[in-house]
Amino acid sequence: MTFEQDEPVIEGFADALWSERGLSANTLAAYQTDLRQLAKWLGEHNRRLLSAGREDLLEYLAHLHASGRQARSAARVLSAVRQFYQHALREGWVNADPSAEIEAPRLGRPLPKSLTEAEVEALLGAPDLDSPEGFRDRVMLEVLYAAGLRVSELVGLKPGQVSLNQGLVRIVGKGGKERLVPLGEEAADWIRRFLDVPRAELLKGRPGDALFPTRRGPGMTRQAFWYRIKLHARSAGISKAISPHTLRHAFATHLVNHGADLRVVQLLLGHSDLSTTQIYTHVAKERLRQLYAEHHPRA
């Protein structure tokens, strides 16, 4: 039994999520990937998505665990599966939700990976400012750290979203929600300098609506910037694993460490729920414990 037979219901589910909840393309793609992998596994066991039972789903989750999938990853899969079957039940595709009584894997509370302020400074100073690509990368890093953006928000920026006079950037985040985020004088100045010459050198007279173009014209992809940030991290002598999200964590962590109100950080990050932001209080407490252990004579 081939899993491609389930493709129409997966596509119908994704279309419904997009129209009803306005989820981002990345989230929809992740849900579809999870469901296709489940459909493929079910097909190998002569099952279909719309005929699977609770035991089939439990066996699949056990298969994921045996394959080395982490609890957080398995929980995301179960979330996609639950939403699919809830939709299927509403549409009358199934008579019962086989995922209804399946408990989500228990998750730990890992602290987000971050950078020290000294490491951030080293990273910001790594790009070669003599090349337009290096200048662009420096500006992107400055904006990422100054505004705590998601990488998709950063690479998707257009000049019209930035107000240099007010020092603000207008972000369209998850679910199409808009927020205004301060840039700070430093990041605004770097953008201003980038717009003067380096951006034009990258575009070479071609039209382009991306704030951060490449030599080919269109805006940079998330994957390309991921590669660039790793390259600059190596140049800066940073050995820890790093990604664009690491600077977003550094932005929030450093704000909290310097006394920022958690609800302000929530608004700046674009979190819909304060509980998502509360992880940074744990980061701050961990930092305090480290400082105490390093400097107190009776630690």
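As shown above, the structure is provided for reference.
Residues numbered from 1 in each chain as written. Predicted model: local features only at pLDDT ≥ 70, side-chain atom pairs only at ≥ 80, totals over all residues. Heavy atoms only, no water.

**A short note on the packing of aromatic side chains**
Here's step 1: The final tally for this structure, using the stated rule, is 5 aromatic pairs.
Here's step 2: Seen in terms of ring centroids, F13 and F84 are 5.6 Å apart; in terms of plane orientation they differ by 85°. Their pairing is edge-to-face. Linking F13 in helix α1 (residues 7-21) with F84 in helix α4 (residues 71-91), this pair joins segments that are 71 residues apart in sequence.
Here's step 3: Classification of F84 by relative accessible area gives buried; the value is 0%.
Here's step 4: Pairwise contacts between aromatic rings join F13, F84 and Y85 into one cluster.
Here's step 5: Between the NZ or CZ atom of R193 and the centre of the ring of W190, over which it lies, the distance is 4.3 Å. (Phe/Tyr/Trp six-rings, centres within 6.5 Å; stacked < 30°, edge-to-face > 60°. Helix = DSSP H or I, 4+ residues; strand = E, 2+ residues; numbered from the N terminus. Buried < 20%, exposed > 50% of the residue type's maximum accessible area, 1.4 Å probe, protein only. Lys NZ or Arg CZ within 6 Å of the ring centre and 35° of its normal.)

**Describing unusual backbone geometry**
Here's step 1: The phi dihedral of N46 is positive, around 55°, even though this residue is not glycine.
Here's step 2: Examined against the element boundaries, N46 turns out to sit in the loop between α2 (25-44) and α3 (54-66).
Here's step 3: Its identity is not glycine, yet K204 carries a phi of approximately 55°, on the positive side.
Here's step 4: Structurally, the position occupied by K204 is in the loop between α9 (198-203) and α10 (222-235).

**Structural notes on the pattern of salt bridges**
Here's step 1: The tally for this structure, following the rule as stated, stands at 14 salt bridges.
Here's step 2: With its nearest N and O atoms 3.0 Å apart, the salt bridge here joins E11 to R36. Here the residue E11 occupies a position in helix α1, and R36 occupies one in helix α2, the gap between them amounting to 25 residues.
Here's step 3: Note on E11: relative accessible area 30%, which makes it partly exposed. (Salt bridge = Lys/Arg side-chain N within 4 Å of Asp/Glu carboxyl O.)

**Things to note about the packing of helix α6 (residues 132-147) against helix α11 (residues 244-257)**
Here's step 1: Across the interface, α6 lies against α11 with an axial gap of 7 Å and an inter-helix angle of 40°. In terms of their interaxial angle, α6 and α11 are classed as oblique. For the pair α6 and α11, the crossing hand works out as right-handed. Residue-level inspection shows L141, L144, Y145, A146 and A147 of α6 in contact with α11, the latter providing P244, L247, A250, F251 and H254. (Axes fitted to C-alpha atoms, helices over the stretch in contact; angles between N-to-C directions. Parallel < 35°, antiparallel > 145°, perpendicular 65-115°, else oblique. Left-handed = near helix turned anticlockwise from the far one by under 90°. Contact = heavy atoms within 4.5 Å.)

**Remarks on the side chain of D137**
Here's step 1: Locating D137 in the fold gives a position in helix α6.
Here's step 2: Those residues within four positions of D137 in sequence are excluded, and the remaining contacts are P127, M220, R228 and H232.

**A closer look at the environment of E59**
Here's step 1: By secondary structure assignment, the location of E59 is in helix α3.
Here's step 2: Judged by its relative accessible area of 44%, E59 falls in the partly exposed class.
Here's step 3: Setting aside anything within four residues of it in sequence, one finds E59 in contact with W41 and H45.

**Some remarks on helix α5 (residues 117-124)**
Here's step 1: Turning to α5, its buried residues number three or more, namely V120, L123 and L124. For α5, the angular spread of the buried residues around the axis is 95°, confining them to a single face. Looking at α5, the residues exposed on the side facing more than 90 degrees away from the buried face are A118 and E121.
Here's step 2: Where α5 is buried, its residues contact α6, α10 and α11. (Arc of directions from axis to C-beta.)

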